[in-house]
Amino acid sequence: MAAGPWGWEPAAPALLLLLALLLGGARRLRRRYAADGAGAGAGAGAAAALRGRAAARADGVRLLLVTAHPDDEAMFFAPTVLGLGRAGARAAVLCCSAGNYYNQGEIRKKELEQSCFLLGIPASDVTVIDHRDLPDNPAVEWDTQLLAAFVLKHIEANNINLVVTFDAGGVSGHANHISLYTALRYLHSEQKLPEGCRVLVLESVNLFRKYISVLDVPISCLLPRDALFVLTEEETEQARRAMRCHRSQLLWFRHIYMLFSRYMMINSLRLL
């Protein structure tokens, strides 16, 4: 039989076997890390270093997740929220816009509360900043001083000792995401954060890694990071249920995202 125009057909079984072995290995590693609690715990009064694989408790952690839009908490940060929650941390969300780009702000606020409830965060710990100078707009960089003032006020009022937000790449490159990093970096570099308050930023990865799902587990385990959270299959489905609460945002490509994005099951983070 002819091999075909590219001559790859004879190699197809071997490639399929290799893929099956990679998937099997990645799934075993995922179960191991999820069971051990891949993110380390917290020190007294703050999230110590969240380094390595130690299954430490995080009972003293008061986490503030700072997001740009309703759905960020489920689309990008569910592994961190569920991972730290599993270890005993208390989480709150500060969402810095109502996601009103398409005039759906009120709907999206309700969806945010429903999503957070499924992630273990009560509505009383969910705050939305709906300020005219912080618009949901991928072309607008938010004012650093204004945003930093809102975030710092919330940190101080709620005795927060761990802040989690986007890194300089913003995962998707969205200007609003990157503005959060800029504001937290400013607070950190100017030493305006309360003593003992640490900041973790979510690692942005390339497009290939972003959409290889569970196959990114071994890569994330090998690369340097300060915290790594890997969800079980059950927890990943919990994250997807939270994402489905954002019904106004569930366009066809977001269903594909939920199936293949590593951010639905893996978060690697670095300390500022």
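Residues numbered from 1 in each chain as written. Predicted model: local features only at pLDDT ≥ 70, side-chain atom pairs only at ≥ 80, totals over all residues. Heavy atoms only, no water.

(A) Molecular detail of the pattern of salt bridges. Applying the stated rule across the entire model yields 10 salt bridges. Between Glu203 and Arg209 there is a salt bridge whose closest N-O contact spans 3.9 Å. For Glu203, a relative accessible area of 19% puts it in the buried group. Relative accessible area serves as the criterion here: at 9%, Arg209 is assigned to the buried category. A salt bridge links Asp216 to Arg209; the nearest nitrogen and oxygen atoms lie 2.7 Å apart. In this structure, Asp216 and Arg209 share a single accessibility class: buried. Overlapping salt bridges bring together Glu203, Arg209, Asp216 and Arg262 as one network. (Salt bridge = Lys/Arg side-chain N within 4 Å of Asp/Glu carboxyl O. Buried < 20%, exposed > 50% of the residue type's maximum accessible area, 1.4 Å probe, protein only.)

(B) Spotlight on the nonpolar core. In this structure, Phe76, Cys96, Ile155, Val163, Val164 and Leu180 are the most contacted members of the largest nonpolar core, which totals 67 residues. Ignoring any residue separated from it by four or fewer positions in sequence, one finds Phe76 in contact with Phe166, Val171, His177, Leu202, Tyr257, Tyr263 and Asn267. With seven residues, the next largest nonpolar core counts Val217, Leu228, Val230 and Met265 among its residues. (Core = buried A, V, L, I, M, F, W, Y, C linked by side-chain atoms within 4.5 Å. Contact = heavy atoms within 4.5 Å.)

(C) Spotlight on the sheet that holds strand E4 (residues 162–166). What the seven strands build is an open sheet, ordered E3-E2-E1-E4-E5-E7-E6; its pairing is mixed. On the outer flanks of this sheet lie strand E3 (126–128) and strand E6 (227–230), each paired with one strand and no other. Taking each pair of neighbouring strands and ignoring which way they run, the sheet shows an average axis angle of 25°. Direction of pairing for E6 relative to strand E7 (residues 266–271): antiparallel, over a ladder of four bridges. (Pairing = 2+ DSSP bridges. Helix = DSSP H or I, 4+ residues; strand = E, 2+ residues; numbered from the N terminus. Axes fitted to C-alpha atoms, helices over the stretch in contact; angles between N-to-C directions.)

(D) Inspection of helix H10 (residues 252–260) at higher detail. Turning to H10, its buried residues number three or more, namely Arg254, Tyr257 and Met258. Relative to the axis of H10, the buried residues are bounded by an arc of 95° and lie together on one face. Looking at H10, the residues exposed on the side facing more than 90 degrees away from the buried face are Trp252 and Leu259. Contact partners of the buried residues in H10: helix H2 (72–75), helix H7 (207–210) and helix H9 (233–244). (Arc of directions from axis to C-beta.)

Keep in mind that these numbers describe shape and distance, not what the molecule does.
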